[in-house]
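# What the coordinates show
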Amino acid sequence: MNKRIIAVSICSLLLLLAAIAAGLNAIFSVTSVKVNFSVFSEEARKEAKSLQEELDSFVGASTTFLNLDDVKQTVAKYPSFRLESAEKDFPQTVVLSVTERRETFALKREDGKYDIYDSEGAYLGVKEQNVNRADGAENILLEGFSLTAETGKIAQGDRFAELLLAVSAFEAQTGSARMNIKSVAFVRPLETDVRTESFELQTREGVTVILHNPSVKAGEKAEKAAQKYIGLEDEDRMFGKIRVLDVSATGEILEPTYEPRVPAENN
């Protein structure tokens, strides 16, 4: 008799636990994956719709045991998106914030196509033409750089980090780097001497900005150059060169100089 009572008690307990588990699962199950998208191109709007459909596959999963890394990996399939945040809003919601990356740089490949990078240097993929998907204008064309990167990851290469600092500083002064800079060339006359290196920023209006020795304070040099550029009269922005150098002994940045007309042989 006692054994029967014990067996019935155990069964009752198991049934109770199963009922509790089922109830908790109903309460703590994902019913919605909410994504706050910040996009500015038509292509991104289409991608956002596809991404939302993929993320909806997590509906029904246990909120408690859902691995957010799986959610992040789903977003990572779309290199043009940057995941700003991902969190669980108990008991039934997962909330994401996703931003479209800004196409900014293009590097021409040997096959004639273009590798595209965003403003932070993340590799976004290959394009047939150097056309920004947000507005149809050109991205900043990179010349002389050798870069390696996985899709969605920050590219690596000599002076690329310095380039990002320089362009960011230029943009902070002018409001838009891509609308002002047509191309950036990394020039290395003597690869064994970093002091012979330079960045040559070709503006769309016509002025060439030369940042000598970009391994030293590239951002500060670009900031000074941009301020000089902004201060030019409209007619002076059609030609000439702005140079920014530093003192080799101290690293002190000299005031930018503007050369209104420079003979072609003196580059």
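Residues numbered from 1 in each chain as written. Predicted model: local features only at pLDDT ≥ 70, side-chain atom pairs only at ≥ 80, totals over all residues. Heavy atoms only, no water.

### Side note on the layout of surface pockets
In this structure, the largest pocket encloses a volume near 310 Å³. Put simply, the parts of the chain that give the lining of the largest pocket at least two residues each are α3 (68-76) and β2 (81-89). Tallying contributions element by element places α3 first for the lining of the largest pocket, with 5 residues. Its residues placed into classes, the lining of the largest pocket shows 6 nonpolar, 3 polar and 6 charged. For the second largest pocket, the calculated volume is near 240 Å³. It is helix α4 (residues 160-174) that provides the largest number of residues to the lining of the second largest pocket, a total of 4 residues. Looking at the lining of the second largest pocket residue by residue, the classes come out as 6 nonpolar, 5 polar and 7 charged. (1 Å grid on protein atoms, 1.4 Å probe; cavity = no way out; pocket = protein on both sides within 12 Å on 5 of 7 lines; lining within 4 Å. Points joined across faces, edges and corners; volume = space filled by probe spheres on them. Helix = DSSP H or I, 4+ residues; strand = E, 2+ residues; numbered from the N terminus. Nonpolar A, V, L, I, M, F, W, Y, C, P; charged D, E, K, R; others polar.)

### Side note on the sheet that holds strand β5 (residues 114-118)
Pairing is mixed in the open sheet, where 9 strands are placed in the order β6-β5-β4-β7-β8-β9-β10-β11-β12. Strand pairing shows two members of the sheet lacking a second neighbour, β6 (123-127) and β12 (257-259), which therefore form its edges. Adjacent strand axes in the sheet meet at a mean angle of 25°, parallel and antiparallel pairs treated alike. Strand direction decides the pairing type here: strand β8 (residues 181-187) and strand β9 (residues 198-203), joined by 6 bridges, are antiparallel. Bridge pairing in β9 places V184 opposite L201. Strand contacts of α4: β4 (103-108), β7 (140-143), β8, β9 and β10 (208-212), with the helix running at about 40° to β9, the strand carrying the most contacts. Where helix α5 (residues 218-231) meets the sheet, it contacts β9, β10, β11 (241-244) and β12, and its direction lies at approximately 150° from that of β10. (Pairing = 2+ DSSP bridges. Axes fitted to C-alpha atoms, helices over the stretch in contact; angles between N-to-C directions. Contact = heavy atoms within 4.5 Å.)

### Looking at the packing of aromatic side chains
If you walk through the whole model with that rule in mind, you get 9 aromatic pairs. Taken together, a centroid distance of 5.9 Å and an interplanar angle of 50° make the contact between F37 and F81 tilted. Highlighted residues: F37 in strand β1 (residues 32-38) and F81 in strand β2, separated in sequence by 44 residues. The buried category is assigned to F81, whose relative accessible area is 4%. Aromatic pair Y117 and Y123: ring centres 5.4 Å apart, planes at 45°, arrangement tilted. Look at Y117 and you get buried, because its relative accessible area is 3%. Grouping aromatic residues by their ring pairs yields a cluster made of F105, Y117, Y123 and F160. (Phe/Tyr/Trp six-rings, centres within 6.5 Å; stacked < 30°, edge-to-face > 60°. Buried < 20%, exposed > 50% of the residue type's maximum accessible area, 1.4 Å probe, protein only.)

### Quick word on the packing of α4 against α5
Across the interface, α4 lies against α5 with an axial gap of 8 Å and an inter-helix angle of 30°. Pair α4 / α5 crosses with right-handed handedness. Residue-level contacts link E162, L165, A166, A169, F170, Q173 and T174 of α4 to A218, G219, A222, E223, A226, Q227, Y229 and I230 of α5. Residue composition of the contact of α4 with α5, grouped by class: 9 nonpolar, 4 polar and 2 charged. (Left-handed = near helix turned anticlockwise from the far one by under 90°.)

### Digging into the environment of P79
Within the element layout of this structure, P79 appears in the loop between α3 and β2. Relative accessible area serves as the criterion here: at 21%, P79 is assigned to the partly exposed category. It is 8.6 Å that separates the C-alpha atoms of P79 and A122, two residues lying 43 residues apart in sequence. Not counting residues up to four positions away in its chain, the partners in contact with P79 are R101, Y123, L124, T151 and G152.

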